[in-house]
Amino acid sequence: EQKDWFHQQIQSSQWQAATWRFVFVHQPPYSQGWAGYEGDKVVRDLLEPVLETARIDFVIAGHTHDYERLEKQYGQQRTHFIITGGGGGSLEPVESSLQPVMDTVLKTHHYIRFKVSDNRLEWFTHDSANKIIDKQIL
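Parameters and conventions
Residues numbered from 1 in each chain as written. Predicted model: local features only at pLDDT ≥ 70, side-chain atom pairs only at ≥ 80, totals over all residues. Heavy atoms only, no water. Pairing = 2+ DSSP bridges. Helix = DSSP H or I, 4+ residues; strand = E, 2+ residues; numbered from the N terminus. Axes fitted to C-alpha atoms, helices over the stretch in contact; angles between N-to-C directions. Phe/Tyr/Trp six-rings, centres within 6.5 Å; stacked < 30°, edge-to-face > 60°. Buried < 20%, exposed > 50% of the residue type's maximum accessible area, 1.4 Å probe, protein only.

Caption draft 1: Representation of the sheet that holds strand β4 (residues 77-84) within the structure. One open sheet accounts for 5 strands, arranged β1-β2-β4-β3-β5; its pairing is mixed. Each edge of the open sheet carries a strand with a single partner, namely β1 (22-24) and β5 (104-106). Shown here is a sheet whose adjacent strand axes are inclined to one another by a mean of 15°, direction ignored. Here 4 bridges tie strand β2 (residues 58-61) to β4, and the two strands are oriented parallel to one another. Looking at β4, one finds that Ala61 is bridged to Ile83.

Caption draft 2: Inspection of the packing of aromatic side chains at higher detail. With the rule as written, the count across this model stands at 8 aromatic pairs. Note on Trp34 and Tyr37: the rings are 4.2 Å apart at their centroids and 10° apart in plane angle, and the pair reads as stacked. Exposure remark for Trp34: the relative accessible area of 26% places this residue in the partly exposed category. On the basis of relative accessible area, Tyr37 is assigned to the buried category, the value being 12%. Centre to centre, the rings of Phe58 and Trp123 are 5.3 Å apart; their planes meet at 85°, and the pair counts as edge-to-face.

Caption draft 3: Quick look at the pairing of strand β8 (residues 132-137). Judged from the 5 bridges that link them, strand β7 (residues 121-127) and β8 form a sheet pairing that is antiparallel. In the sheet register, Glu122 faces β8, and the bridge partner there is Ile137. The loop that links β7 with its antiparallel partner β8 comprises 4 residues; one of these, Asn130, has a positive phi angle of about 75°.

As far as function goes, none of this settles anything; it's purely spatial.
Right, here's the structure in full:
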């Protein structure tokens, strides 16, 4: 039922007309959070076949208690995978999974702020002292 709903959404006229397309999930499709955890295969299997055709720009997840970022190219589509699971509680252990290799892994408490316009998107990741620890501009 949820899979059918998801496919209806990414085929909708509102989705097709959007400038930026975000998918929010709890468990990330990719993660290095802790030894032996590579992300959720069910989520990967749902998203990977449609990342290019649905023109998904961002997949935002939690579950892993850290900050992780990965950029992948799917044909003509560049998709950014962001894990923002360090808002509180215990952080993941220092030891990470060997696969996949994320572009950035920061095991610190944090929050993310997005600034979105028609042709530009920025995000800033702040630590608990409000210092910017990662910044991306598209």
